[in-house]
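Here is how the chains run, residue by residue.
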Amino acid sequence: MILVGSHAINYHLPGFRKKPRDWDLIATEQEAQAIALLAEHELEGSNHSVAFRMKDGAIVDIEIIQPGTAADDLYWLPGTPFTVVDTDIGRVLIPPLDVLYTLKLSHRYLKDS
């Protein structure tokens, strides 16, 4: 699972943002199913995403990796120096700050299109 969003940014820049209540992940179908086992209940989702409310009230938003998508490219990107971190939701990979910035800009572009 790849952690993106505010939790990932706070890993690189502690205190940059207040502690977020949600987790943003890019994950395989199998990884999402593992999170589902820990969740209190499933929230709305789509073909390519799912969200869960955890027992502590946190929301976990997961983009399910689909072949040929940017998420798929990132997940299998060779040479990316991910950092492995154990978190409240399990072991995650955190991309470098420049990759997180690129993801943020791409999402902003898609929202404005």
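In the block above lies the structure referred to throughout.
Residues numbered from 1 in each chain as written. Predicted model: local features only at pLDDT ≥ 70, side-chain atom pairs only at ≥ 80, totals over all residues. Heavy atoms only, no water.

Novice: An account of the layout of surface pockets is needed here, citing residue identities and associated values.
Specialist: Approximately 190 Å³ is the volume found for the second largest pocket. Lining the second largest pocket are ten residues, with Ile-9, Phe-16, Leu-100, Tyr-101 and Lys-104 positioned closest to its centre. Classifying every residue of the lining of the second largest pocket by side-chain character gives seven nonpolar, no polar and three charged. (1 Å grid on protein atoms, 1.4 Å probe; cavity = no way out; pocket = protein on both sides within 12 Å on 5 of 7 lines; lining within 4 Å. Points joined across faces, edges and corners; volume = space filled by probe spheres on them. Nonpolar A, V, L, I, M, F, W, Y, C, P; charged D, E, K, R; others polar.)

Novice: So what's going on with the pattern of salt bridges? Residues and values would help.
Specialist: Within the structure shown, the criterion is met by one salt bridge. Its salt-bridge partner being Arg-91, residue Asp-86 comes within 2.8 Å of it at the nearest N-O pair. Arg-91 sits in the exposed class, given a relative accessible area of 55%. (Salt bridge = Lys/Arg side-chain N within 4 Å of Asp/Glu carboxyl O. Buried < 20%, exposed > 50% of the residue type's maximum accessible area, 1.4 Å probe, protein only.)

Novice: Which residues make up the nonpolar core, and what are the values?
Specialist: By size, the foremost hydrophobic cluster in this structure holds 31 residues, and its most contacted members are Leu-25, Ile-35, Val-60 and Ile-62. Once residues lying within four places of it in the same chain are set aside, the contact partners of Leu-25 are Met-1, Ile-2, Leu-3, Val-4, Val-60, Asp-61, Ile-62, Glu-63, Ile-89 and Val-92. (Core = buried A, V, L, I, M, F, W, Y, C linked by side-chain atoms within 4.5 Å. Contact = heavy atoms within 4.5 Å.)

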